[in-house]
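# A structural walkthrough
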Amino acid sequence: MKKVYKLLAIGLVLSLALMACQPAVPAEEAPVEEAPAVEEPAEEAPVVDDMCMGAAAGDEITMLYQWSGAEEERLNEILAPFVAACGIVLKPEASRDQALLDTKVQAGTPPDIAFYNVAQLVQYEDVLKPMDTLGAYGENYADFFKDPGTVNGKWLGLPVKADIKTIVWYSPAIFEAKGYSVPATWVELDALVEEMVANGDVPWSMGMESGDATGWTGSDFIQDIMLVQQGPQYVLDLISGAVSYDDAGVKQAYETYGKWAMDATYTVGGVQGTLSVGFIDAILKVYSDPPEAMMVKQSGFAGGEVAKQYPDLEYGTDYDFFAVPGAQGLQGGADWLMAFTDTPAVKALVAYLSSTDGGANWAKASFDLSPNKGAAGNYVEPALIKKGEALANTKGFTPDIGDTIPGGFGSAEFKAISDYVNGGDLDTILAALAVVQSEALE
């Protein structure tokens, strides 16, 4: 990392002076023996000047994000070294209503910084400042993390917070008691499922009821199957429209999913269980006493739900996860930093968060995962350490198809998956979705 961040400690020592809007004091105060006749003004310590990108103590950054409570506290923990070193005043606003951001942008009064979704990068393309012109350290991000934030050749979004979905939750204690082994390949997973059935166990809990969003867990499962069968580029091609949604590879993934989701031999409750069991309840069924199923494929948040419902269970012993075996990449979500202004303070914030120190501090704060390479090796919570290793070693990262294709495709996809599980004709369903996909991407 650049020397600026290696010397962060010096900047922190100077923070009180900066906060008081006083000039930095040189580290060496002893007078030289032969001073010039006209004394030159003392220069600020270069570490602070470089790190702060010319921003002055007291400069403000307005921010809009969706986080609150513990999440907001973790963000403040991450930003604390930057604020202390530069004396920047943060003016945050939290709201999960994206219409608020729309209103501000349309009124010509956007926040300096917004942490939002990848779709907003496309929506606000014409008014956002490119990350490379703001001093972002692009070398700290794999191309497959930068690409979703690049619109028409402009790198507009810095991925700051990520979660991975390509994981399966299970109970190590139950696996050990029953003689099951964590599979390393998709073939081994398929064999494990059949072994569980032969042993009288239900392999999966696949309930996906979620009100108007019923079907989203099915969408995640199908996309992970695509990552196994076709690879991450295939998924990205579906998102871009290079591959039509009625392609044979899509049909193959749906059929693989359907074999398990529509049969009570493989999942709790069969068709009706998949359609009517809430997605949170589906997680908990794996950890009931006795367990109703052996596995549930769900995102990283599942561990928190288990801990909340069953506080006596111990992570790593009673509940844990493994990556979907055979997946050639990961599916996940990310929050993106986007900048509407290019003030020195904004540049300094972008530089800090994209630095290796910024990535390390994000990991240490346990605010989910960071796509920044500096996060590797700095996670402190056991589950995040394990997920962080998966993220650091993946060869590809794909956003959720339904969340990324615009024009209501996600809702259409959720309904289509529900219709398929309920016995609808798959060819007809995929043909209709291909039309929605095409229209959305025109």
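Below or above, wherever it landed, is the structure these notes cover.

Conventions we followed
- Residues numbered from 1 in each chain as written.
- Predicted model: local features only at pLDDT ≥ 70, side-chain atom pairs only at ≥ 80, totals over all residues.
- Heavy atoms only, no water.
- Disulfide = S-S within 2.5 Å.
- Helix = DSSP H or I, 4+ residues; strand = E, 2+ residues; numbered from the N terminus.
- Phe/Tyr/Trp six-rings, centres within 6.5 Å; stacked < 30°, edge-to-face > 60°.
- Buried < 20%, exposed > 50% of the residue type's maximum accessible area, 1.4 Å probe, protein only.
- Salt bridge = Lys/Arg side-chain N within 4 Å of Asp/Glu carboxyl O.

### Quick word on the state of the cysteines
A full pass over the atoms with the stated rule returns 1 disulfide. Residue C52 pairs covalently with C86 via a disulfide, S to S 2.0 Å. For the disulfide bridge between C52 and C86, the dihedral angle about the S-S bond is near -95°, and by the sign convention the bridge is left-handed. Residue C52 is found in the loop between α4 (46–51) and β1 (60–65), and its partner C86 is found in helix α5 (residues 69–86); the two are separated by 34 residues along the sequence.

### Observations regarding the packing of aromatic side chains
The way to describe two aromatic rings as a pair is by their centre distance and the angle between their planes. All told, the structure shown has 26 aromatic pairs when counted by the stated rule. A ring pair is formed by W204 and W260, whose centres lie 5.3 Å apart and whose planes are at 35°; its orientation type is tilted. Here the residue W204 occupies a position in the loop between α10 (186–198) and α11 (216–229), and W260 occupies one in helix α13 (residues 248–261), the gap between them amounting to 56 residues. Owing to a relative accessible area of 1%, W204 belongs among the buried residues under this scheme.

### Thoughts on the pattern of salt bridges
Close approach of charged atoms allows side chains with opposite charge to pair. Counted according to the given criterion, the structure contains 16 salt bridges. Across the pair E93 and K104 runs a salt bridge, and its minimum N-O distance is 3.3 Å. One end of the pair, E93, is in strand β2 (residues 89–94); the other, K104, is in helix α6 (residues 98–106), with 11 residues separating them in the sequence. Of the residues examined, E93 reaches a relative accessible area of 34% and is grouped as partly exposed. The partner of D368 in a salt bridge is K161, and the shortest N-O contact between them spans 3.0 Å. Separated by 207 residues along the polypeptide, D368 in the loop between α18 (356–364) and α19 (382–393) and K161 in strand β6 (residues 158–164) bring together distant segments of the chain. Under the relative-accessibility criterion, D368 is labelled partly exposed at 24%. Among the charged side chains, a salt-bridge network with shared partners connects K161, D335 and D368.

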